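So the chains spell out like this:
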Amino acid sequence: MAATTEHVSPEQFQFQAEVNQVLGLVINSLYSNKEIFLRELISNASDAIDKLKYRALTQHDLVTEGAPLEIRILPDAEAGTLTLEDFGVGMTRDELIENLGTIAHSGTRRFLEAAREQAGAGAGEGGDALGLIGQFGVGFYSAYLVADRVEVVSRAAGAEGGQAYRWSSDAKGGFTVTPAEREHQGTSIVLHLKDDAKDFLDAWKLKDLVRRYSDYVSHPIKLQEERWERPEGAAEDAEAEKQLVLEQANRGKALWQRPKGELKDEDYQEFYKHLGHDWEAPLAWTHFKVEGVQLFTGVLFLPRKAPFDLYDPNKRRGVRLYVKRVFIMDDCEELVPQWLRFLRGLIDSDDLPLNVSRELLQDSTVLRSIRKQIVKKALDLLDELAKDRPDDYRLFWEQFGPVLKEGLHFAPESRDRLAKLVRFRSSKVDGLTSLAEYVERMPEGQDAIYYIVGGSEKAVAASPHLEALRSKGYEVLYMTDPIDEWAVEGLSTFDDKRLVSALKADLPLEGQDEAKDEGEDQRKDELAGLLAKFEQVLGEQVAKVQLSKRLTSSPTCLVVPEGGLPAHLERMLRMNQQDVPATKRILELNPKHPLVESLRKLHADDADAPQLTEWIEVLYDQSLLAEGSPIDDPARFAQRVTKLLEEAAALAVPKAEA
Ligand code: ADP
Ligand code: MG
């Protein structure tokens, strides 16, 4: 683990630097949403009970005798504290230090930089910082929205001698950890409420918040209330006395077990937030029950924003697995393919054994068939969103499109459905287009779908490779995601039309008539000498030099031979320390360009003219620049261009002035 906590003395610790920043961010951006602290702490307590129940399946002595597997909310008006108690797995001393003193996510630093940039850009404290925190999920620290000091007393299930520890911090400096006592396994979070948060001691308010935010938590959430009642068993005329009673405040039935008709949008939205790691409502969801060979229930959500660690190969969160209402794990890789890793939610299976292990899951036929259904339900959900709420689908696409496109490569069985869901920018429309829309716009005579890959929309739009396609009125899809090169390979055809790269060497342009081809042959002969000269000058820098059919206004361009990688991809892979062989590209000359014609004449006149070599080098460098590639020797290029300009300028000056 990369995160470390500086050890000051045996009991005093400093927060990892990132924790301080996250704390600041939470407190500054969520002050008007203070009440969510309750949802976050209940969510953690519920997770802790889930984990305990799972471990107790095989380790029966983990649960101390008489421990109620519930969550308790204990307001204490006199002390000014609100305590959240659970009887879950608890934390060891080391876990207290690790879980509450560091942030485990590896992308934290990047996230914090983004947050600072946003704040610097004047996005204000509320709005966008909120969205950023949403990508992060910083549950426990929300306690400091309402408390100026927090104590966590925890006893890990199965701890030797039943030893408990107390973690305590005012969030300003560091924290302390000292031995403590606790009757049962589990955790109590004691919030010393700030003056402006004392209303969270009010039983009505707390009950309301539990119903609103945490109703679907499947463990009982009990609120301690004061009642004036006759003590139990006392005589009928005995005086009423102040009693502390525990009342269940939530329904306690897992949301996914309730009939759909009974659930409102808000229920799903709150449930999604409870599952964790987002503070914003989801974009869409689907709730289903499958009753075929397998019996299982599921709820799947599409988040509104991509989490900051969407591309972190170590990140492990997505769809939770439950078996017969018992939580099993929240990072079950076998459940959801990588290209759907943006999905959130859960699956509850009735067919898997409760003691299912990771190894067992790896080749479980039950799981495989569940996975198939998840893919189907997710694609159904996306289809529906694309059809009924295209604006929201666009939002989804902007956030998760590149991930979904991975499926084109890795999931050939879903290719046809995915091909309908992909969107691209293009030379003909503003915004995004589907392949079906592209096909509808195809003019008579065009029978392939053309695309160009490159580093940015600007670069590809200006690329000389598109000149001939443009002049024919053919639309070109702009593929500027790094994944596109592979994705489109998986696609290969749509609606029986081939997808053809404008960068590839053998770009077929149908509709080029025979007469023209004959003229071309003659031109080829004329230019053969010049082509050979180009090859001689450029040597190892190119695979070969050939005449182009795709250029109309540029003199040259570089194209990718069959099986080669486009330049921008090669660069990207190298930047990621990947060892890729250099693809030698093909230089194409525009036979109709006046510059090419002049060079031909020059070459015919004197094949060894020194300018010829200079100009060929300049043209090659210029082709590199046009596709956004760096050139070998920029200083030399600049010198050559200066020299050319000098000569041209001298010619341009009227004789009289010279
Ligand atoms: P998250 O829930 O997203 O992991 P939190 O900040 O809410 O992040 O909690 C951090 C970690 O602290 C949890 O992952 C868990 O390991 C631990 N933790 C928090 N609350 C409890 C609790 N009540 N019982 C046991 N562990 C807890
Ligand atoms: Mg949490």
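Above this note sits the structure.
Residues numbered from 1 in each chain as written. Chains lettered and ligands numbered in written order. Predicted model: local features only at pLDDT ≥ 70, side-chain atom pairs only at ≥ 80, totals over all residues. Heavy atoms only, no water.

(A) Representation of the environment of Ile616. Within the secondary structure, Ile616 sits in helix α19 (residues 610–626). Residue Ile616 is classed as buried on the basis of its relative accessible area of 0%. Taking the C-alpha atoms as reference points, Ile616 and Leu599, separated by 17 residues in sequence, lie 9.0 Å from one another. (Helix = DSSP H or I, 4+ residues; strand = E, 2+ residues; numbered from the N terminus. Buried < 20%, exposed > 50% of the residue type's maximum accessible area, 1.4 Å probe, protein only.)

(B) The sheet that holds strand β1 (residues 12–13), seen in detail. Read from one edge to the other, the open sheet built from nine strands follows the order β1-β6-β5-β4-β7-β3-β2-β8-β9, with strand pairing classed as mixed. Every interior strand has two partners, whereas the edge strands, β1 and β9 (241–248), have only one. Here helix α6 (residues 203–214) sits on the sheet and contacts β2 (71–76), β3 (81–86) and β8 (221–229); the angle it forms with β8, its principal contact strand, is near 155°. (Pairing = 2+ DSSP bridges. Contact = heavy atoms within 4.5 Å. Axes fitted to C-alpha atoms, helices over the stretch in contact; angles between N-to-C directions.)

(C) How the structure looks around the packing of helix α18 (residues 594–605) against α19. At a minimum axis distance of 11 Å, the contact between α18 and α19 shows a crossing angle of 155°. As judged from the angle between their axes, α18 and α19 are roughly antiparallel. As α18 runs across α19, the sense of the crossing is left-handed. Where α18 approaches α19, its residues Leu595, Leu599, Leu602 and His603 are matched on the opposing element by Leu612, Trp615 and Leu619. Class assignment of the residues belonging to the contact of α18 with α19 gives a composition of six nonpolar, one polar and no charged. (Parallel < 35°, antiparallel > 145°, perpendicular 65-115°, else oblique. Left-handed = near helix turned anticlockwise from the far one by under 90°. Nonpolar A, V, L, I, M, F, W, Y, C, P; charged D, E, K, R; others polar.)

(D) Layout of the nonpolar core. Formed by 79 residues in total, the largest nonpolar core has its most connected members in Leu302, Leu335, Phe342, Leu343, Phe396 and Leu404. Sorting elements by how many residues they give to this core places helix α9 (residues 365–388) first, with 11 residues. The residues touching Leu404, leaving out its near neighbours within four places in the chain, are Trp339, Leu340, Phe342, Leu382, Tyr393, Phe396, Trp397, Leu418 and Leu421. Counting residues in each nonpolar core, the second largest holds 66 residues, with Val26, Phe37, Ile49 and Val152 among its members. (Core = buried A, V, L, I, M, F, W, Y, C linked by side-chain atoms within 4.5 Å.)

(E) Layout of the pattern of salt bridges. Evaluated as defined, the whole model comprises 44 salt bridges. Taking the shortest distance from any N to any O, the salt bridge between Arg149 and Glu151 comes out at 3.9 Å. Of the residues examined, Arg149 reaches a relative accessible area of 34% and is grouped as partly exposed. Overall, Glu151 belongs to the buried group, its relative accessible area being 12%. (Salt bridge = Lys/Arg side-chain N within 4 Å of Asp/Glu carboxyl O.)

(F) Structural detail: the side chain of Ser188. Tracing the sequence through the fold places Ser188 in strand β7 (residues 186–193). A polar atom in the side chain of Ser188 sits 2.6 Å from the side chain of Arg182. If we skip the residues at most four places from it in the chain, Ser188 touches Thr83, Leu84, Glu85, Glu151, Val152, Val153 and Arg182. (Polar contact = N/O pair within 3.5 Å; in protein donor to acceptor, adjacent residues only side chain to side chain.)

(G) Seen up close, the packing of α19 against helix α20 (residues 634–652). Remark: α19 packs on α20, axes separated minimally by 10 Å, with the N-to-C direction vectors making an angle of 120°. In terms of axis orientation, α19 runs oblique to α20. As α19 packs across α20, the resulting crossing turns out to be left-handed. Each of Glu614, Trp615, Glu617, Val618, Asp621, Gln622 and Leu625 in α19 lies in contact with α20, whose residues at this interface are Arg636, Phe637, Arg640, Val641, Leu644 and Glu647.

(H) Up close: the pairing of strand β14 (residues 344–349). The buried count for β14 comes to six of six residues, which makes it a mostly enclosed element. Burial along β14 is two-sided: Arg344, Leu346 and Asp348 facing one way and Gly345, Ile347 and Ser349 facing the other are all buried. Of the pairings in the sheet, the one linking strand β11 (residues 295–302) to β14 comprises six bridges and is antiparallel in character. In the strand pairing of β14, Thr297 is matched with Asp348.

(I) Focus on the environment of Ala378. Note on placement: Ala378 falls in helix α9. By relative accessible area, Ala378 is classed as buried at 2%. With 42 residues separating them along the chain, Ala378 and Val336 place their C-alpha atoms 9.9 Å apart. The residues contacting Ala378, other than those within four sequence positions of it, are Leu300, Leu340 and Leu343.

(J) Highlighting the sheet that holds strand β22 (residues 556–559). Taken together, the three strands give an open sheet; going across it, the order is β21-β23-β22, and neighbouring strands pair in mixed fashion. Whereas interior strands pair on both sides, the edge strands pair on one side only; in this sheet they are β21 (544–547) and β22. For this sheet, the mean inter-axis angle between neighbouring strands, taken without regard to orientation, is 30°. When β22 meets strand β23 (residues 586–589), the two strands line up antiparallel, connected through four bridges. Its bridge partner lying in β23, Thr556 is registered against Leu589. In the packing of α19 onto the sheet, the strands contacted are β22 and β23, and the crossing angle to β22 comes to about 60°.

(K) A look at the environment of Leu96. Positionally, Leu96 belongs in helix α3 (residues 93–101). A residue is classified by how much of its surface remains accessible, and Leu96, at 0% relative accessible area, is buried. Taking C-alpha positions, Leu96 is 9.3 Å from Val153, a pair spaced 57 residues apart along the chain. When sequence neighbours within four positions are dropped, the list of residues in contact with Leu96 reads Met91, Gly101, Val152, Ser154, Tyr165 and Trp167.

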